[in-house]
Amino acid sequence: MTSSDPARIVVAGGGLAGLRTVEELRALGYSGSITLIGAERRPPYDRPPLSKQLMKGEVDDTSLRAELDSLAVDLRLGERAEHFGDRTVLTDGGEYPFDRLVIATGARPVGLQGPGRQRFLRTMEDALALRETLVPGARLAIIGAGWIGAELATAAALRGVRVTVVEAAGAPLANAISAEVGAATEHWYAEAGVELLLGEAVEAVLDDGLALAGGGFLAADEVVTAVGVRPEVGWLESSQVKLENGVAVDEQLRSSVTGVYAVGDCAAFWSGRFGRRMRTEHWDTALRAPAVLAANLIGGSERYDPVPYFWSEQFGRMLQFVGDHRAADKLIWRRRVGEPHWAVCWLAGERLVAVLTVGLPRDLTQGRRLIDAGVPVDAGKVADPAVPLRDSAS
Ligand SMILES: Cc1cc2nc3c(=O)[nH]c(=O)nc-3n(C[C@H](O)[C@H](O)[C@H](O)COP(=O)(O)OP(=O)(O)OC[C@H]3O[C@@H](n4cnc5c(N)ncnc54)[C@H](O)[C@@H]3O)c2cc1C
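Basis of the calculations
- Residues numbered from 1 in each chain as written.
- Predicted model: local features only at pLDDT ≥ 70, side-chain atom pairs only at ≥ 80, totals over all residues.
- Heavy atoms only, no water.
- Helix = DSSP H or I, 4+ residues; strand = E, 2+ residues; numbered from the N terminus.
- Buried < 20%, exposed > 50% of the residue type's maximum accessible area, 1.4 Å probe, protein only.
- Contact = heavy atoms within 4.5 Å.
- Areas by Shrake-Rupley, 256 points an atom, 1.4 Å probe, with all protein chains shown as cover.
- Phe/Tyr/Trp six-rings, centres within 6.5 Å; stacked < 30°, edge-to-face > 60°.

**What to know about the overall build of the protein**
Counting its secondary structure elements, the protein contains 10 helices and 25 strands. Structurally, the protein occupies a C-alpha span of about 65 × 60 × 35 Å along its principal axes. Here the protein holds 394 residues, and the buried ones make up 54% of them. Pairs at least 24 apart in sequence give 61% of the contacts found in the protein among residues at least 6 apart. Roughly 16900 Å² of accessible area belongs to the protein as shown, and the carbon and sulfur atoms make up 48% of that amount.

Okay, structure coming up:
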């Protein structure tokens with residue numbers, strides 16, 4: 001520790017981003033005090049396997065096997081941060097003064113209205129309890145054909161559950177990758193024996209099923225609402241921290257309050273690369289941004305401006321997405337007729353800005369490099385699956 005290092009760092013949020021921040025601080029040689037406050041009683045664990053391997057029954061525990069002892073961290077599990085002010089975090093169990101505060105409180109699922117029980121899939125407890133209900137013949141209604149809904153439908157169908165996915169948009173994944181691209185995944189549901197209701201908004205969750213906005217009713221034994229998450233920042237509303245779809249932070253992950261930083265699903269960081277604020281909800285961000293953050297916590301001025309990366313495993317397929325397609329003005333398909341693997345590339349002007357691949361990891365890797373480099377590409381070559389994507393740079 002140098003004389004300029006902060007003496008006390010408090011990390012609020014014991015998920016991947018919080019744990020990785022602690023690990024990176026120690027890896028950089030920071031020897032001051034670190035307190036990690038986590039609302040869940042469990043030590044940090046990984047969420048992506050909850051809807052995949054754990055839901056299929058391949059694993060029962062996704063704990064991150066961190067060497068918590070060797071990290072010399074004051075671990076406060078089962079404590080919820082409720083407020084901070086005057087350089088002190090107040091939880092429901094104590095008070096923690098800090099020189100630097102890291103907000104890593106993640107996100108929480110959005111619920112729908114209605115008196116019936118709705119389950120969510122965010123925590124290990126959610127996942128273990130839900131898995132118990134996935135018995136052959138049970139009727140499961142999943143609200144939302146997004147990433148989580150598709151992954152859960154995959155696992156539940158494999159367990160012999162009668163699955164219906166209800167989606168308000170006209171195609172699966174419409175919000176994430178556009179209805180046009182999402183529509184290419186529609187047939188996967190039928191092939192897996194999953195019923196998919198498109199263009200059906202849910203009006204209310206009832207005790208025995210779903211009331212649909214169009215007047216219909218869908219009977220179900222269990223209902224899982226998977227319509228998205230919101231950043232977990234309600235506890236900051238009484239603070240001076242600027243909130244803008246999460247904690248607004250700059251490229252160095254600094255919030256509007258000096259000495260207060262944010263990282264992971266709760267952080268909306270400024271991307272110079274894409275010219276807008278981004279909040280990604282990606283595991284890769286929670287994994288990697290903490291290295292930049294840790295350096296900055298102890299006096300560095302590094303920037304976090306990634307090409308965002310996300311993957312999903314659904315209906316026996318690996319989907320990978322890099323970049324940001326919001327500013328795109330052109331969409332190009334790369335596929336051969338009759339082949340199950342395909343890719344979609346988004347261009348803004350002549351630059352590649354995002355790539356989605358289904359079972360084509362090489363396209364993903366090469367696309368990521370082109371996006372990172374920001375070089376112009378030849379749209380004709382991009383469209384030709386016989387031309388390696390890296391050779392489309394013009
Ligand atoms: C089922 C599932 C599957 C996923 N699959 C993928 C995938 O395939 N690919 C991918 O890229 N991403 C995936 N993700 C997203 C990825 O897991 C998240 O981006 C990542 O977990 C974010 O980490 P985080 O530490 O920022 O937030 P979180 O993991 O949400 O951790 C935040 C922690 O802070 C705690 N907390 C909240 N409020 C407070 C408070 N006031 N005080 C103290 N503690 C608090 C929470 O209880 C939580 O433990 C998936 C997520 C889920 C839920």
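Still to come is the rest of the account.
**Some words on the environment of Leu-158**
Take Leu-158: it is sitting in helix H4 (residues 147–158). Residues Leu-158 and Ala-268 lie 110 residues apart in sequence; the distance between their C-alpha atoms is 36 Å.

**Considering the side chain of Thr-164**
Here Thr-164 lies in strand S10 (residues 162–167). On the accessibility criterion, Thr-164 (10% relative accessible area) is buried. Beyond its immediate chain neighbours, meaning those up to four positions away, Thr-164 contacts Leu-140, Ala-141, Ile-142, Glu-195, Leu-197 and Leu-218.

**Thoughts on the packing of aromatic side chains**
Across all of its chains, the model carries 8 aromatic pairs by this definition. Centre to centre, the rings of Phe-84 and Phe-98 are 6.0 Å apart; their planes meet at 65 degrees, and the pair counts as edge-to-face. Taken together, the residues span a long stretch of sequence, with Phe-84 in strand S4 (residues 81–85) and Phe-98 in the loop between strand S6 (95–97) and strand S7 (100–103) at a distance of 14 residues. Considered together, Phe-84 and Phe-98 belong to a single accessibility category, that of buried residues. Ring geometry for Phe-269 and Tyr-304: centres 5.2 Å apart, planes at 70 degrees, overall edge-to-face. One end of the pair, Phe-269, is in strand S19 (residues 267–271); the other, Tyr-304, is in the loop between helix H8 (283–297) and strand S21 (309–314), with 35 residues separating them in the sequence.

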